[in-house]
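A closer look at the structure
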Amino acid sequence: MSMRITNSMMSQHILTQLQRSYETMARTQEQISSGYRVNKPSDDPLAAGQSRLRQGELDDITAGKKGVDAATSWLSAAETGLSAINSILARAREITVQGANATASPDNRKTIAAEIDQLIESAKDAMNAKVGDNYIFAGTATSTSPYTAGTGDAYQGDGNAVLRSLGTGVTVQVNPSLVPLAATPPGTPMVLNAQAVLGDGGSDGRVISTLRSIAAHLRNGTPADLDALNNSDLGALADNTMAVANARSAVGTVQNRADAAGARLDQLEEVATKVLSDVTGTDIVKALSDFSSQQYAYQAALRAGASIIQPSLMDFLR
């Protein structure tokens, strides 16, 4: 028994096929305009799952790169602060030599002592450096200024290590450990903070202690004071200059590690991005070719459908 094919059935079948053809063409057009072959999970469930994994890797890499940027900003500010201390020590040595000269008058020495006092305040200012809202020479007490006007030469921060993430499972200490002058007991390391460089006003032989001693010897001006200026004080300035150089070297070492981590993350990002593109990206040449073929087929189907579907009795009655 044969089934009768009606005009309505043929029309419905043609319209259904045209709709499918149009949907296929629309998907291809979406792939071309978006640049992605997979725009929703139903397009390719397996590729969509792989895409989520790759995107998770890229998110971790992005977070790591932000950590590298944060570490680099911190280390750059630390280098700037230490460079300022180095310049202060160089100026202190220059004017100490002038004051230690037997031909300098008491008034000249007092003027030099006053400049030494200002150099101490400048050194404190350099150690009060901030990155954003964080004091970088105060340990983990980043909201506390290492030195304040109301506390004199006393250090206000702590001695804790400051860590920054450079990627999954990788951290770096941005205030590296070093052995400061007059470490107690000798050889004991400290993190790089204002106390390790300037001291806290005691007789630790660090920058503040040395400059205070120089200012006192200049003001007193006795033969013993002049002898101290020419010998122990200049020697202490040299020791502090070397200590600052060691601190800068430690900062540079950490910066090299951060740079290496940044380069590694750049390479990983490039690889992960390529893999993600291979999984979900559109092959533009193929997509354009497919779209052209699909468009031609759709137009041909329209023409064929128009010739196949015959006018109905109702069309004649109208």
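Here is a short report on the structure shown in this document.

**Side note on the overall build of the protein**
Of the regular secondary structure elements, the protein holds 8 helices and 6 strands. Pairs at least 24 apart in sequence give 64% of the contacts found in the protein among residues at least 6 apart. For the protein, the accessible area works out to roughly 17500 Å², and carbon and sulfur atoms hold 55% of it.

**With respect to the pattern of salt bridges**
Two side chains of opposite charge can pair, provided their charged atoms sit close to one another. Tallied over the entire structure, the rule returns 10 salt bridges. With a closest N to O distance of 3.1 Å, glutamate 94 and arginine 91 form a salt bridge. A residue pair is termed a helical-turn pair when its members lie 3 or 4 positions apart in one helix, as glutamate 94 and arginine 91 do in helix α2 (residues 45-100) at 3 residues. Classification of glutamate 94 by relative accessible area gives partly exposed; the value is 42%. Between glutamate 115 and arginine 91 there is a salt bridge whose closest N-O contact spans 2.7 Å. One end of the pair, glutamate 115, is in helix α3 (residues 106-127); the other, arginine 91, is in helix α2, and 24 residues separate them in sequence. Residues joined by salt bridges that share partners form a network here, namely Asp117, Glu121, Lys124, Asp153, Arg212 and Arg219.

**Section: helix α5 (residues 207-220)**
Here α5 spans 20 Å end to end across 14 residues, near enough to the 20 Å set by a 1.5 Å rise per residue. Regarding α5, the residues found buried are Val207, Ile208, Ser209, Thr210, Leu211, Ile214, Ala215, His217 and Leu218. Following α5 by one or two positions, glycine 221 has its phi on the positive side, about 70°.

**Quick look at the nonpolar core**
Of all hydrophobic cores here, the largest spans 56 residues; its most connected members are Leu82, Ile85, Ile116, Met127 and Leu198. Counting residues per element, the ones that place at least two in this core are α2, α3, α4 (194-198), α5 and α6 (223-280). With 15 residues, α2 is the largest single contributor of residues to this core. Setting aside its immediate chain neighbours within four residues, leucine 198 contacts Ile85, Ala123, Lys124, Met127, Tyr147, Arg206, Val207, Ile208 and Ser209.

**Considering the pairing of strand β3 (residues 163-167)**
With 4 bridges connecting them, β3 and strand β4 (residues 170-173) associate as antiparallel partners. By the bridge assignment for β4, leucine 163 is matched with glutamine 173.

**Some thoughts on the environment of arginine 109**
Tracing the backbone through its elements, the reader meets arginine 109 in helix α3. According to the relative accessible area criterion, arginine 109 is buried, its value standing at 6%. Taking C-alpha positions, arginine 109 is 5.3 Å from glycine 99, a pair spaced 10 residues apart along the chain. Beyond its immediate stretch of four places on either side in the chain, arginine 109 contacts Gly99, Asn101, Ala102, Ala104, Leu218 and Leu226. Polar contacts involving the side chain of arginine 109 include one to the main-chain carbonyl oxygen of asparagine 101, which spans 3.1 Å.

**As for the packing of α3 against α5**
Following both chains from N to C, one finds α3 and α5 inclined at 165°, their axes separated by 8 Å at the closest point. With respect to their mutual orientation, α3 and α5 come out roughly antiparallel. The way α3 lies across α5 gives a crossing that is left-handed. Residue-level inspection shows Arg109, Ile112, Ala113, Ala114, Ile116, Asp117, Leu119, Ile120, Glu121 and Lys124 of α3 in contact with α5, the latter providing Ile208, Leu211, Arg212, Ile214, Ala215, Leu218 and Arg219. Considering only residue class, the contact of α3 with α5 consists of 11 nonpolar, no polar and 6 charged.

**Re unusual backbone geometry**
For the peptide bond that leads from threonine 184 to proline 185, omega is -10°, which places it in the cis range. Counting through the fold element by element, proline 185 comes out in the loop between β5 (177-178) and β6 (190-191). Of note, the phi angle at alanine 182 is positive, near 55°, even though the residue is not glycine. Mapped onto the elements of the fold, alanine 182 is located in the loop between β5 and β6.

Parameters at a glance
Starting afresh in each chain, residues are numbered from 1 along the sequence in its written order. In keeping with the model being predicted, local features are shown solely for residues with a pLDDT of at least 70 and side-chain atom pairs are shown and tallied solely at 80 or more, while totals for entire chains, interfaces and linings include all residues. The basis for the side-chain values is all heavy atoms of the structure; hydrogens and waters are excluded. A helix here means a DSSP run of H or I that spans at least four residues, while a strand means a run of E at least two residues long, and both kinds are numbered starting from the N terminus. Working rule for contacts: check all heavy atoms of both residues, and any pair within 4.5 Å makes them a contact. Computed by Shrake-Rupley with a 1.4 Å probe, the accessible areas treat only the displayed protein chains as cover when residues are assessed. Criterion for a salt bridge: a side-chain nitrogen of Lys or Arg within 4 Å of a carboxyl oxygen of Asp or Glu. Each residue gets one of three labels from its accessible area relative to the maximum for its type: buried under 20%, exposed over 50%, partly exposed in between, using a 1.4 Å probe on protein chains only. Take the number of residues in a helix, subtract one, and multiply by 1.5 Å to get its expected span. Residues belong to a common nonpolar core when they are buried Ala, Val, Leu, Ile, Met, Phe, Trp, Tyr or Cys residues joined through side-chain atoms within 4.5 Å. Two strands are said to pair when DSSP picks up at least two bridges between them. Polar contacts here mean pairs of N or O atoms no more than 3.5 Å apart (in protein, one a potential hydrogen donor and the other a potential acceptor; neighbouring residues in sequence count only if both atoms are side-chain atoms). Between N-to-C directions, angles span 0 to 180 degrees; the directions come from axes that are lines fitted to C-alpha atoms, helices contributing only their stretch in contact. Orientation categories follow fixed angle ranges, with anything under 35 degrees roughly parallel, anything over 145 roughly antiparallel, 65 to 115 roughly perpendicular, and all other angles oblique. For a crossing to be left-handed, the near helix must be turned anticlockwise from the far one by less than a right angle; the clockwise case is right-handed. Throughout this entry, Asp, Glu, Lys and Arg are counted as charged residues, while Ala, Val, Leu, Ile, Met, Phe, Trp, Tyr, Cys and Pro are counted as nonpolar. The remaining residues, Gly among them, count as polar.

By themselves, these observations are geometric and do not establish any function.
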